[in-house]
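# Secondary and tertiary structure notes
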Amino acid sequence: QVQLVESGGGLVQDGGSLRLSCAASGRTFSNHAMAWFRQAPGKEREFVAAISWSGGSTYYTDSVKGRFTISRDNAKNTVYLQMNSLKPEDTAVYYCARKGGLGPFKESNEYDSWGQGTQVTVSS
């Protein structure tokens, strides 16, 4: 079982930037697609971005396209989420997840390992 540990969250002003990191244990990191999800208070967890095992393909939810960038470094077993032009509606707990299934990237039940999350708060 892989362990995922997120870091990099915090409080930032509207229009600011943050870079989240997710460090994975284990030797199979490079075999799996990875993703970031988020959950705001009172809302369901939602897909944010995903990246293929090689890093060659990326996927984003519409609300973050052009502002967020997902990337990975397989040598460091780490996936990143660079968040620019942050908005108050981006406030949420952000989770990284490892994709174990073959279904759609945006479906949370396709992911078999989750981190504990990191809080991102954007003030207006």
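Our structure is the block above this text.
The text that follows walks through the structure, step by step, so that each part is easy to find. Just so you know, these numbers come straight off a predicted model, no measurement behind them. (Residues numbered from 1 in each chain as written. Predicted model: local features only at pLDDT ≥ 70, side-chain atom pairs only at ≥ 80, totals over all residues. Heavy atoms only, no water.)

## Some details on the pattern of salt bridges
Keep this limit in mind: For this analysis, a salt bridge means a side-chain nitrogen from Lys or Arg found within 4 Å of a carboxyl oxygen belonging to Asp or Glu. Here's how the labels work: a residue is buried when its accessible area is under 20% of the maximum for its type, exposed when over 50%, partly exposed in between, all with a 1.4 Å probe on protein chains only. Secondary structure elements follow DSSP: runs of H or I no shorter than four residues count as helices, runs of E no shorter than two count as strands, and numbering proceeds from the N terminus.
By the definition in use, this model includes five salt bridges. Between Lys65 and Asp62 there is a salt bridge, and its shortest N-O distance comes to 3.0 Å. The exposure class assigned to Asp62 is exposed, which follows from its relative accessible area of 62%. Salt-bridge contacts for Asp112 lead to Arg98; the nearest nitrogen and oxygen are separated by 3.1 Å. A residue pair is termed long-range when its members are at least 10 positions apart, and Asp112 in strand S10 (residues 111–114) and Arg98 in strand S9 (residues 92–99) qualify at 14 residues. Given the relative accessible area of 37%, Asp112 is considered partly exposed.

## Here we look at the pairing of strand S3 (residues 18–24)
As a reminder, the rule being used: Strand pairing is assigned whenever DSSP identifies at least 2 bridges connecting the two strands.
A large share of S3 lies buried, amounting to five of its seven residues. Two strands pair when backbone bridges link them, and strand S1 (residues 4–7) and S3 are joined in this way by four bridges, in the antiparallel orientation. Along S3, the bridge assignment pairs Ser7 with Ser21. Note: S3 against strand S8 (residues 78–83), six bridges, orientation antiparallel. Of the residues in S8, the one forming a bridge with Ala23 is Thr78.

## Some words on the sheet that holds S8
Short version of the rule: Fitted lines through C-alpha atoms serve as axes, helices being fitted only where they are in contact, and the angles separating the N-to-C directions of these axes extend from 0 to 180 degrees.
Read from one edge of the open sheet, four strands run S1-S3-S8-S7, paired in antiparallel fashion. Unpaired on one side and paired on the other, S1 and strand S7 (68–73) mark the two borders of the sheet. Neighbour-to-neighbour, the strand axes of the sheet open up by a mean angle of 15°, direction not taken into account. Direction of pairing for S7 relative to S8: antiparallel, over a ladder of six bridges. Looking at the pairing, Arg72 lines up with Val79 of S8.

## Notes on the packing of aromatic side chains
Rule in force here: Stacked, tilted and edge-to-face are the three classes assigned to paired rings of Phe, Tyr and Trp, where Trp is represented by its six-membered ring and a pair needs centres within 6.5 Å; plane angles under 30 degrees give stacked, over 60 edge-to-face, the rest tilted. Two conditions define a charge located above a ring, namely a distance within 6 Å from the ring centre to NZ of Lys or CZ of Arg, and an angle within 35 degrees of the ring normal.
Under the criterion given, the structure shown has five aromatic pairs. Here Phe37 and Phe47 contribute two aromatic rings whose centre-to-centre distance is 5.7 Å and whose plane-to-plane angle is 75°, an arrangement assigned as edge-to-face. Taken together, the residues Phe37 in strand S4 (residues 34–39) and Phe47 in strand S5 (residues 46–51) connect sequence positions 10 residues apart. Each member of the pair, Phe37 as well as Phe47, is classed as buried. Three or more aromatic residues link up through ring pairs in this structure, and these residues are Phe37, Phe47, Tyr111 and Trp114. Its end group placed over the ring of Tyr80, Arg19 keeps NZ or CZ at 4.0 Å from the ring centre. Its guanidinium or amino end placed over the ring of Trp114, Arg45 lies 4.6 Å from that ring's centre, counting from NZ or CZ.

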